Amino acid sequence: ETITRKLFGALLHGYLAKVLSPLSVRHTGVTELEKTLNSTTVLNACLNEMISDTLYLYKLPQNYNHGFLVSIIAECLVESVRNFYQEFLLPKLRSSSFELIPEQDRMTTQESRHKLLTTFVLDDIEYKLMIRGIADLRIESLHQIIIVDFKTGASYDNQLDFYEWFYYLLDEDFDGRELDSHFWLILDQEAKGKTDAKRRDKWKEA
């Protein structure tokens, strides 16, 4: 019970960053990810290295919670990443080259800058609504852009709308590629949510 959702979320994002960061280059095909994302051995080794780090010895005292994490939750994380590769990435990227852009330890220059979403007037005063944020994973190919947010709990579609506006739709030079945004539910090991242009516009209007 003392492994809180916040700690679990931090562990998840730390693990995904460790796994995905070395893959953040342009790939000619999705099978180039096979040796990492479809290997239980590699994924387990990566997770064990991370949770054995001194930092996690402080976060996760050596009691039953640590044992539970290593024996139960770790297995779930590894299996979920493998399923993400097999069930999500393979079908979507089978025949295209792409660039993998995972979340970094620090915001990029693009992410740290606020962008103007809209302006509005209230009591004769004009306000500017500025936004900024950071997505867990973006995948850019010639014809489409995929945004993925990894979740251990509740998910709300307007978070995907937010990322689409922030990263792409507010840029004047955006080339109009198809946006395809999803949540990947780590514990359920399935994708949820889907880009909807009409819903996205309604969200901004609201």
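The rules behind each value
- Throughout this document, residue positions are counted from 1 along each chain, in the order its sequence is written.
- Side-chain atom pairs in this predicted model are given and counted only at pLDDT of 80 or more, local residue features only at pLDDT of at least 70, and totals for whole chains, interfaces and linings cover all residues.
- Hydrogens and waters are ignored; side-chain quantities use all the structure's heavy atoms.
- Secondary structure elements follow DSSP: runs of H or I no shorter than four residues count as helices, runs of E no shorter than two count as strands, and numbering proceeds from the N terminus.
- A 1.4 Å probe rolled over the protein chains alone gives each residue an accessible area, and that area as a share of the maximum for its type sets the label: buried under 20%, exposed over 50%, partly exposed in between.
- Should any heavy atoms of two residues lie within 4.5 Å, those residues are counted as being in contact.
- Per-residue accessibility takes into account occlusion by the displayed protein chains alone, with areas from the Shrake-Rupley method and a 1.4 Å probe.
- Here the positive residues are Lys and Arg and the negative ones are Asp and Glu; neither His nor the chain ends is included.
- By convention, the point assigned to a charge is CZ for Arg, NZ for Lys, CD for Glu and CG for Asp.
- We define a salt bridge as a contact between a side-chain nitrogen of Lys or Arg and a carboxyl oxygen of Asp or Glu at a distance within 4 Å.
- Here, axes are lines fitted to C-alpha atoms. For helices the fit covers the stretch in contact, and angles between N-to-C directions go from 0 to 180 degrees.
- What sets the label is the angle itself: under 35 degrees gives roughly parallel, over 145 gives roughly antiparallel, 65 to 115 gives roughly perpendicular, and the rest give oblique.
- Take the far helix as your reference; a near helix turned counterclockwise from it by less than a right angle gives a left-handed crossing, and one turned clockwise gives a right-handed crossing.
- Each residue gets one label: Ala, Val, Leu, Ile, Met, Phe, Trp, Tyr, Cys and Pro are nonpolar, Asp, Glu, Lys and Arg are charged, and the others, such as Gly, are polar.
- Between 30 and 60 degrees the pair is tilted, below 30 it is stacked and above 60 it is edge-to-face, where a pair is any two Phe, Tyr or Trp rings, Trp via its six-membered ring, whose centres lie within 6.5 Å.
- Any Lys NZ or Arg CZ that is within 6 Å of a ring centre and within 35 degrees of that ring's normal is treated as a charge sitting over the ring.

1. Quick look at the overall build of the chain
Of the regular secondary structure elements, the chain holds eight helices and eight strands. Here the chain holds 206 residues, and the buried ones make up 43% of them. Taking the contacts inside the chain whose residues are at least 6 apart along the sequence as the reference set, 73% of them involve residues at least 24 apart. Within the structure as shown, the chain displays about 11,600 Å² of accessible surface, and the carbon and sulfur contribution to it stands at 51%. The positive charge centre, built from 24 side chains, and the negative charge centre, built from 32, are 1 Å apart in the chain.

2. Considerations on the pattern of salt bridges
Following the criterion strictly, the structure yields 10 salt bridges and no others. Notably, a salt bridge pairs lysine 92 with aspartate 180, separated by 2.7 Å at the nearest N-O pair. Taken together, the positions of lysine 92 in helix H5 (residues 64–93) and aspartate 180 in strand E7 (residues 178–185) put the pair 88 residues apart, joining distant regions of the chain. Given the relative accessible area of 27%, lysine 92 is considered partly exposed. Its relative accessible area of 3% is what places aspartate 180 among the buried residues. Linking arginine 199 and aspartate 161 is a salt bridge whose minimum nitrogen-to-oxygen distance equals 2.8 Å. Taken together, the residues span a long stretch of sequence, with arginine 199 in helix H8 (residues 197–205) and aspartate 161 in helix H7 (residues 157–169) at a distance of 38 residues. By relative accessible area, which is 1% here, aspartate 161 ends up buried. Salt bridges sharing partners connect three or more residues here, namely Asp157, Asp161 and Arg199.

3. Topic: the packing of helix H1 (residues 5–20) against helix H3 (residues 40–51)
In the contact formed by H1 and H3, the axes pass within 10 Å of each other and the chain directions differ by 125 degrees. Taken together, the axes of H1 and H3 lie oblique to each other. Judged by the twist between their axes, the crossing of H1 over H3 is right-handed. Packed against H1, whose contacting residues are Leu11, Gly14, Tyr15, Lys18 and Val19, the element H3 presents Leu43, Cys46, Leu47, Glu49, Met50 and Ile51 at the interface. Its residues assigned to classes, the contact of H1 with H3 shows eight nonpolar, one polar and two charged.

4. Details of the packing of aromatic side chains
According to the stated counting rule, one finds 12 aromatic pairs in the structure shown. A centroid spacing of 5.4 Å and a plane angle of 20 degrees characterise the contact between phenylalanine 120 and tyrosine 127, whose relative ring orientation is stacked. Between phenylalanine 162 and tryptophan 203, the ring centres sit 6.3 Å apart and the planes meet at 80 degrees, which makes this aromatic pair edge-to-face. Residue phenylalanine 162 is found in helix H7, and its partner tryptophan 203 is found in helix H8; the two are separated by 41 residues along the sequence. Taken together, the aromatic side chains of Phe162, Tyr163, Phe166, Tyr167, Tyr168, Phe174 and Trp203 make up a single cluster linked through ring pairs. Taking NZ or CZ as reference, lysine 115 lies 4.9 Å from the ring centre of phenylalanine 166, over its face. The side chain of lysine 204 reaches across the aromatic face of tryptophan 165, ending 5.2 Å from its centre.

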